[in-house]
Amino acid sequence: MNCRQTYSWLALKQHYNEIKNLHLRDMFAADTVRFADFSVEFDGIFADFSKNRITRETIKLLENLAHECNVAASAERMFAGKKINSTENRAVLHTALRRAATDSVLIDGKNIIPEIHEVLVRIKVFSEEIRDGKRRGFTGKIFTDIVNIGIGGSDLGPKLVCDALKFYSKRNLTVHFVSNIDSTHLAETLRTLNPETTLFIVSSKTFTTEETMTNARSARDWFLSSAAVEADVQSHFAAVSTNFTATEQFGINPANVFVFRDWVGGRYSLWSAIGLSVALSVGFENFSDLLAGARAMDKHFLEAPFEKNIPMLAAAIGVWHVNFFGAESQSVLPYDEYLRLLPAYLQQLDMESNGKSVMLQGEPVDFHTAPIIWGQPGTDSQHSFFQLLHQGTRLIPCDFIAVAKPLNPIGDHHKRLMANFFAQTEALMRGKTTDEAHDELLGAGTSTHEAERLAPHKTFAGNRPTTTFLIDKLTPYTLGALLAMYEHKVFVQGIIWGINSFDQWGVELGKQLAKAILPELSGEDPVPHDCSTAGLIALYKKQNVRT
Ligand code: G6Q
């Protein structure tokens with residue numbers, strides 16, 4: 001069903017016209033319980049939605065929309081393993097990866113939970129043996145460096161989590177991530193590493209991805225160019241994949257292969273064996289806590305009433321911004337250095353999932369879907385693009401994320417960080433009127449003429465929507481809950497928009513063309529191109545002569 005044809009969409013349209021000119025400043029002034037009414041506390045994550053341009057009526061209408069679009073029933077179908085990824089005829093079961101061992105989820109009549117837990121036990125044993133120095137390199141030395149070779153979903157999730165949980169990591173075991181096919185990425189990573197103490201994890205769902213396989217082969221060459229012999233590859237390479245045959249062909253010892261299944265999408269795979277690097281870095285207990293946090297969020301998502309359901313509200317308010325206020329982008333602003341990779345991770349999660357223009361039955365959408373996700377950590381970003389957030393011409397809803405208990409307290413740094421955090425959402429909400437700017441200038445001794453000239457430049461329209469997530473403490477558990485929250489937010493939006501959030505056909509065309517161009521770069525006859533592409537290829541071939 002097209003969401004635009006629902007009763008609630010029409011009602012929301014009318015409601016938008018009624019409230020679009022309300023200013024958040026006035027809404028707060030008139031309603032002292034706004035904060036209490038539009039915020040939700042869940043297990044160490046506090047979400048404040050009150051600084052969005054919503055009223056109680058908005059929430060009611062959005063709830064009706066979710067209801068008319070069958071969001072709750074669709075969520076149950078996903079959790080139950082129905083094949084909701086219709087273009088690939090696959091179930092979507094990243095949530096099963098964090099279920100308890102006693103649970104049961106059936107695919108084609110088979111319970112998949114026992115296999116998930118068998119793999120978890122293997123991850124536990126393997127990661128503990130490496131961390132404890134029981135498993136060593138070919139010369140008997142303890143491993144000091146792990147290199148995860150993977151890209152997209154096989155990189156962004158574990159990279160984010162390893163970085164975010166660095167506080168909990170084993171400091172004498174460094175995890176590196178190599179993703180780009182640009183050889184600089186591999187070369188700069190390996191430059192200081194010792195082959196005797198380096199373990200490679202080749203992470204690829206398909207084990208055919210060009211970037212990953214090219215990097216994996218070059219890493220093996222690098223390893224073999226030391227004193228190692230072919231048989232030593234067995235103790236220095238592990239793999240995470242759904243393609244057991246290909247890992248074997250590559251020469252990886254089956255005992256070092258950790259499997260997952262095709263019902264886990266790449267960008268949803270950090271909970272699977274793709275999290276092996278996480279378990280190596282922070283230990284299996286912490287990896288389990290990450291899963292537990294996500295599991296708790298799954299329960300909250302399935303059970304909490306709409307008006308107290310964090311992912312539902314985040315999703316519905318996001319739809320409200322995109323489809324009614326015409327917001328083109330959404331900024332993610334973590335005020336915690338450990339969460340600096342969150343915007344990049346969410347770019348893939350959100351834009352690869354919902355960057356679609358075709359509905360489930362193949363008809364084109366006649367409304368906007370995923371916003372452009374972007375962001376950087378605060379306070380750094382305050383000194384760059386915040387100008388546009390405050391005074392630019394576009395409406396950019398922002399997620400502000402901070403942690404109440406700092407992991408590395410030094411002096412009053414955290415208070416200063418948080419003062420900025422609170423000030424920014426207040427400023428974006430309130431703004432500053434021209435009169436206020438004018439009076440302020442006069443108060444500072446500026447002449448009347450000068451105050452009039454400068455006041456428009458110092459005016460802030462305000463009324464810019466923000467959602468605040470205040471995390472009690474950054475732990476594996478709260479991180480797991482936060483990431484699962486975003487997964488469900490993306491899911492709900494995909495259901496409302498009637499698109500398939502779990503395929504990614506849009507990345508295929510470029511891959512196909514690259515395959516055709518590659519032989520041409522090595523001297524084979526050119527394939528037909530437009531004159532721009534042909535001209536650029538010819539120029540590159542001329543310039544790329546090795547000196
Ligand atoms: C994610 C995508 C994509 C994928 C990479 C890597 O949802 O499917 O980012 O993760 O293309 O794929 P492999 O894991 O198969 O190498």
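The structure we're discussing is the one just above.
What counts and what doesn't
- Residues numbered from 1 in each chain as written.
- Predicted model: local features only at pLDDT ≥ 70, side-chain atom pairs only at ≥ 80, totals over all residues.
- Heavy atoms only, no water.
- Near = heavy atom within 4 Å.
- Polar contact = N/O pair within 3.5 Å; in protein donor to acceptor, adjacent residues only side chain to side chain.
- Areas by Shrake-Rupley, 256 points an atom, 1.4 Å probe, with all protein chains shown as cover.
- 1 Å grid on protein atoms, 1.4 Å probe; cavity = no way out; pocket = protein on both sides within 12 Å on 5 of 7 lines; lining within 4 Å.
- Sits in = over half its atoms within 2 Å of the grid points.
- Buried < 20%, exposed > 50% of the residue type's maximum accessible area, 1.4 Å probe, protein only.
- Helix = DSSP H or I, 4+ residues; strand = E, 2+ residues; numbered from the N terminus.
- Arc of directions from axis to C-beta.
- Contact = heavy atoms within 4.5 Å.
- Salt bridge = Lys/Arg side-chain N within 4 Å of Asp/Glu carboxyl O.
- Pairing = 2+ DSSP bridges.
- Axes fitted to C-alpha atoms, helices over the stretch in contact; angles between N-to-C directions.

### Some words on the site of the ligand
1) Next: Around the ligand, 13 residues are found, and the nearest of them are Ser154, Ser204, Thr206, Thr209 and Arg267.
2) Next: At 2.7 Å, a backbone N or O of lysine 205 approaches an oxygen atom of the ligand.
3) Next: The contact in question runs from an oxygen atom of the ligand to an N or O atom on the side chain of threonine 209, over 2.5 Å.
4) Next: For the ligand, whose unbound accessible area comes to 410 Å², protein coverage reaches 86%.
5) Next: A majority-of-atoms criterion places the ligand in the largest pocket.

### Here we look at helix H18 (residues 434-443)
1) Next: Along H18, the residues that are buried comprise Ala437, His438 and Leu441. Projected down its long axis, H18 carries its buried residues within an arc of 100°, all on one side. Counted as exposed and oriented over 90 degrees from the buried face of H18: Asp435, Asp439 and Gly443.
2) Next: Each element contacted by the buried residues of H18 is listed here: helix H19 (448-454).
3) Next: Phi turns positive, to about 90°, at glycine 445, one or two residues after H18.

### Digging into the pattern of salt bridges
1) Next: Tallied over the full model, the rule gives 26 salt bridges.
2) Next: We note a salt bridge from aspartate 298 to arginine 98, for which the minimum N-O separation is 2.8 Å. Highlighted residues: aspartate 298 in helix H13 (residues 284-303) and arginine 98 in the loop between helix H5 (71-79) and strand E3 (106-107), separated in sequence by 200 residues.
3) Next: In this structure, glutamate 352 and arginine 267 form a salt bridge, with 3.1 Å as the shortest nitrogen-oxygen distance.

### A word on the sheet that holds strand E5 (residues 145-149)
1) Next: In spatial order, the strands read E6-E5-E7-E8-E9; together these 5 strands make up an open sheet with parallel pairing. A strand with exactly one partner marks an edge of an open sheet, and here the two such strands are strand E6 (174-178) and strand E9 (257-259). Each neighbouring strand pair of the sheet contributes to a mean axis angle of 20°, computed without reference to strand direction.
2) Next: In the sheet, E5 pairs with strand E7 (residues 198-203) via 5 bridges, with the strands oriented parallel. Of the residues in E7, the one forming a bridge with asparagine 148 is isoleucine 201.
3) Next: Contacts from helix H8 (residues 183-190) reach E5, E6 and E7 within the one sheet, and its direction differs from that of E6 by about 165°.
4) Next: Across the sheet, helix H9 (residues 210-224) lies against E5, E6, E7 and strand E8 (237-241), angled at about 160° from E7, the strand it touches most.

Limitation: the analysis is restricted to geometry and does not speak to function.
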